[in-house]
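# Structural overview
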Amino acid sequence: MEAIAKQPKVKNFINGKFERNGHTTMDVMSPLDGRIISNLPLSTYDDVDEAVKAAAKAFPEWSAMTFKERVQIFFKYRSLLEQHMEELTNLVRLENGKTYGEAKAEVEKSMELCEFAVSIPQVIVNEIQEVSKGVECRIERKPLGVVACITPFNFPNMVPHWTMPNALVLGNTMVMKPSELVPLSTMRMAELLQEAGLPDGVFNIVNGGKEVVEAICDHPDIEAVSFVGSTKVAKIVYKRATSNLKRCVALGGAKNHLLVLPDANPEMTANNVVASMSGCAGQRCMAASVMVGVDEVQHIIDRMVEEAKKIVPGENLGSVISAEAKARIEGYIADAERDGAKLLLDGRNTTVAGKEGGFYVGPTIIDYVTTDMSVAREEIFGPVISILRAKNLDEAIEIENGSNYGNAAAVFTQSGGLAKQVMERASAGMIGVNIGVPVPREPFSFGGWNESKFGVGDITGRSSIEFWTQNKKTTIKWNPEAKTNWMS
Ligand code: NAD
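Residues numbered from 1 in each chain as written. Predicted model: local features only at pLDDT ≥ 70, side-chain atom pairs only at ≥ 80, totals over all residues. Heavy atoms only, no water.

### Details of the site of the ligand
Formally: Definition of nearness: a residue and a molecule or strand are near each other if at least one heavy atom of the residue lies within 4 Å of the molecule or strand. Whenever a nitrogen or oxygen atom comes within 3.5 Å of another N or O atom, the pair is scored as a polar contact, on the condition that within protein one atom can donate a hydrogen and the other can accept it, and that pairs from neighbouring residues in sequence are kept only if both atoms are in side chains. For the accessible areas, the method is Shrake-Rupley and the probe is 1.4 Å, while residue cover comes only from the protein chains on display. Secondary structure is summarised from DSSP: a helix means a run of H or I of at least four residues, a strand means a run of E of at least two, and numbering begins at the N terminus for each. As a working rule, the residues Ala, Val, Leu, Ile, Met, Phe, Trp, Tyr, Cys and Pro are called nonpolar, Asp, Glu, Lys and Arg charged, and the rest polar, with Gly in that last group. Where each domain begins and ends follows an automated or database-derived domain assignment.
Near the ligand you find 26 residues, and of these Thr-151, Glu-180, Ser-230, Gly-252 and Glu-379 are the closest. Side-chain polar atom of Glu-180 to an oxygen atom of the ligand: 2.6 Å apart, as the coordinates give it. For the ligand, a nitrogen atom lies 2.8 Å from a polar atom in the backbone of Gly-252. Relative to its unbound accessible surface of 840 Å², the ligand loses 88% to contact with the protein. Within the residue set of the shell around the ligand, elements represented by two or more residues are α7 (210-218) and β10 (224-228). Its residues placed into classes, the shell around the ligand shows 13 nonpolar, nine polar and four charged. Mapped onto the domain boundaries, the shell around the ligand takes at least three residues apiece from domain 1 (2-252 + 452-473) and domain 2 (256-433).

Structure (structure tokens):
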């Protein structure tokens, strides 16, 4: 870990070359201990333009290759991820602050995403039918051209892999803008793609912040934009990209509700709820944020507190991303306390010996929260869970339905009938039954509802194939003797 603490300067990656010319820069810090580990260029419209030109130049040759040829590169790339697992894991940990196990799981998930991408030729078989005597229609999926992806800080390795492998295997070329807080994993990804044999210009990286995002939304030669981040920025990006006539899918924030029924298995439920709220320090869009206890579930809450007490910051709980994030999370806890909620476990003022410069918040369980409190409504994005109490399942579902978000919801019960009610009536894109982090695995797709996602379709799996392609419909008649009809 110490060996990789010193990182190279972050560069843009355009047309197969790493470059950095006279930009203003911003420091990259490790949230584990607050050390500056690198810095990155704050790029401008001109950098985006250069990257788009490189991607546009690479597009004709790349899109004309067969699936088989493109896929071979991703077989190699997946092997490289495996070979470099240790290094990539430590890099995620260094720039994001996760635990080693969480960072490793992220890289493993990236490999799984590549496995789906290499299966795309098996998944999409084009359609063909004789629609009239001697006349056939066929539909082929064609790439869009130059596409762009904007990513958040919380999964530096995995979220770029939600989009890059599928979009490229399908024949697009890409400009990616990683979060300025965690640019190192994406830069390493470019090196490994190059080593796997990806032609120059097919994948490009432009580093920076808001100015790069705006340039992507405005650039006339970008056909589609995918965004993952907060709801506030998702709305800005979705509006700006679509008003410039681009296809866009923009995933936003979350406030996931877990409904716990009295018949739930106490041990499994307590473990799952606590793992969901505290994993990745609560910085997951799938994290449990609200638990709605239905009727009498005190025995489960007691177990949750016991379980959460086993979590030790700096050991099995990573840091949050920044000093601002820590202050924001602690501010929410203070508001809840002021508004009359009861703190069963308070993670404020946490420090880790030897890492005093890091940003740690301990697991926090807040009971007797009411729907009007900010901790019940707003995304906290830290290891904090708010417990609300409901008289019955109808009331619990009403609380869940009242959220503006709709990424995930889960129910814990032994009753299939009650679980089915939640599956039917929860207003969220991803539902868990006795699962605290119900992430669908490929070929199923990932995406929320309501203010957790803007745009049609999901970002991964089969749904992403629709997003990254357009249909070409061809109607063919070769036989001149085929009967004349309305298709003559
Ligand atoms: P963010 O919205 O602050 O940043 C995301 C991206 O947008 C970054 O690349 C950033 O540089 C850029 N950006 C930030 N402010 C901008 C502005 N004003 N104009 C244009 N671009 C801007 O999100 P974050 O803090 O990096 O990530 C955490 C958020 O992402 C949480 O809300 C989390 O729920 C969400 N998230 C959602 C999903 C999902 O699948 N729905 C997955 C991961 C993260």
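### So, unusual backbone geometry
What counts here: In this scheme, a residue with accessible area under 20% of its type's maximum is buried, one over 50% is exposed, and one in between is partly exposed, where area comes from a 1.4 Å probe on protein chains only.
Cis rather than trans, the peptide bond between Glu-442 and Pro-443 has omega equal to 10°. Inspection of the secondary structure assignment puts Pro-443 in the loop between β18 (430-433) and β19 (453-454). Not every positive phi belongs to a glycine, and Phe-381 is a case in point at roughly 60°. Note on placement: Phe-381 falls in the loop between α12 (374-377) and β16 (384-390). Note on Phe-381: relative accessible area 16%, which makes it buried.

### A closer look at the packing of helix α2 (residues 67-83) against helix α4 (residues 100-123)
To keep it simple, the criterion reads: Every axis in this analysis is a line fitted to C-alpha atoms, fitted for helices over the stretch in contact. Angles between the N-to-C directions lie between 0 and 180 degrees. For this classification, under 35 degrees means roughly parallel, over 145 means roughly antiparallel, 65 to 115 means roughly perpendicular, and everything else is oblique. Crossing handedness is read from the near helix: turned anticlockwise from the far helix by less than a right angle, it gives a left-handed crossing, and turned clockwise, a right-handed one. Any pair of residues with heavy atoms lying within 4.5 Å of one another is described as a contacting pair.
One way to put it is that α2 packs onto α4 with a least axis distance of 9 Å and a crossing angle of 165°. Classified by the angle their axes make, α2 and α4 are roughly antiparallel. In terms of crossing hand, the pair formed by α2 and α4 is left-handed. Residues Phe-67, Val-71, Phe-74, Phe-75, Tyr-77, Arg-78, Leu-81 and Glu-82 of α2 touch α4, and the partners they reach there are Val-107, Ser-110, Met-111, Cys-114, Glu-115, Ala-117, Val-118, Ile-120 and Pro-121. Its residues placed into classes, the contact of α2 with α4 shows 13 nonpolar, one polar and three charged.

### Side note on the side chain of Ser-276
Among the structural elements, Ser-276 can be located in helix α9 (residues 266-278). Looking at Ser-276, its side chain comes within polar contact range of the main-chain oxygen of Gly-436, at 2.9 Å. Residue contacts for Ser-276: discarding those within four places in its chain leaves Arg-284, Met-286, Ala-287, Ala-288, Gly-436 and Val-437.

### Topic: the packing of aromatic side chains
Rules: Only Phe, Tyr and Trp rings are paired, with Trp represented by its six-membered ring, and only when their centres lie within 6.5 Å; those with planes under 30 degrees apart are stacked, over 60 edge-to-face, the remainder tilted. Both a distance and an angle decide whether a charge sits over a ring: NZ of Lys or CZ of Arg must be within 6 Å of the ring centre and within 35 degrees of the ring normal.
This structure, assessed with the given rule, holds six aromatic pairs. On the basis of an interplanar angle of 80° and a centroid distance of 4.8 Å, the ring pair of Phe-467 and Trp-468 is categorised as edge-to-face. Of the two residues, Phe-467 and Trp-468, neither departs from the other in class, the shared state being buried. When the ring centre of Phe-155 is taken as reference, the NZ or CZ atom of Lys-98 above it lies at 3.5 Å.

### Structural notes on the sheet that holds strand β13 (residues 288-294)
Filter applied, for reference: Think of it this way: DSSP has to see at least two bridges between two strands before they count as a pair.
Sheet architecture is open: seven strands sit in the order β14-β15-β16-β13-β12-β17-β18, paired in mixed fashion. Edge positions in the open sheet fall to β14 (342-345) and β18, since each of these has one partner strand only. Strand-to-strand twist across the sheet, computed as the mean angle between neighbouring axes with direction ignored, equals 20°. Pairing of β13 with β16, which is carried by five bridges, proceeds in the parallel orientation. Its bridge partner being in β16, Gly-293 is matched across the sheet by Arg-389. Most of the contacts of helix α13 (residues 393-401) go to strand β12 (residues 256-260), to which it runs at about 175°, and overall it touches β12, β13, β16 and β17 (408-412).

### Here we look at the domain arrangement of the protein chain
Here is the rule we go by: Note: buried area is the sum, over both parts, of the accessible area (probe 1.4 Å) each one loses when the two are combined. Whenever a carboxyl oxygen of Asp or Glu lies within 4 Å of a side-chain nitrogen of Lys or Arg, that contact is scored as a salt bridge.
Assigned domains within the protein chain: domain 1 (2-252 + 452-473) and domain 2 (256-433). At the junction of the two partners, domain 1 supplies 18 residues and domain 2 supplies 21 residues. Both faces combined, the contact of domain 1 with domain 2 buries some 1,600 Å², and carbon together with sulfur accounts for 60% of it. Interface area lost by domain 1 to domain 2 is led by Pro-31, Phe-153 and Ser-452, which between them contribute 30%. For the interface between domain 1 and domain 2, the tally reads zero salt bridges.

### Regarding α13
Test applied: The directions considered for the arc run from the helix axis to the C-beta atoms.
All buried positions along α13 are accounted for by Leu-393, Ala-396, Ile-397, Ile-399 and Glu-400. Viewed end-on, α13 has its buried residues packed into an arc of 155°, placing them on one side of the element. Contacts from the buried residues of α13 go to β12, β13, β16, β17 and α14 (416-425). At the N-terminal boundary of α13, the capping side chain belongs to Asn-392, with an oxygen 3.3 Å from the backbone nitrogen of Asp-394.

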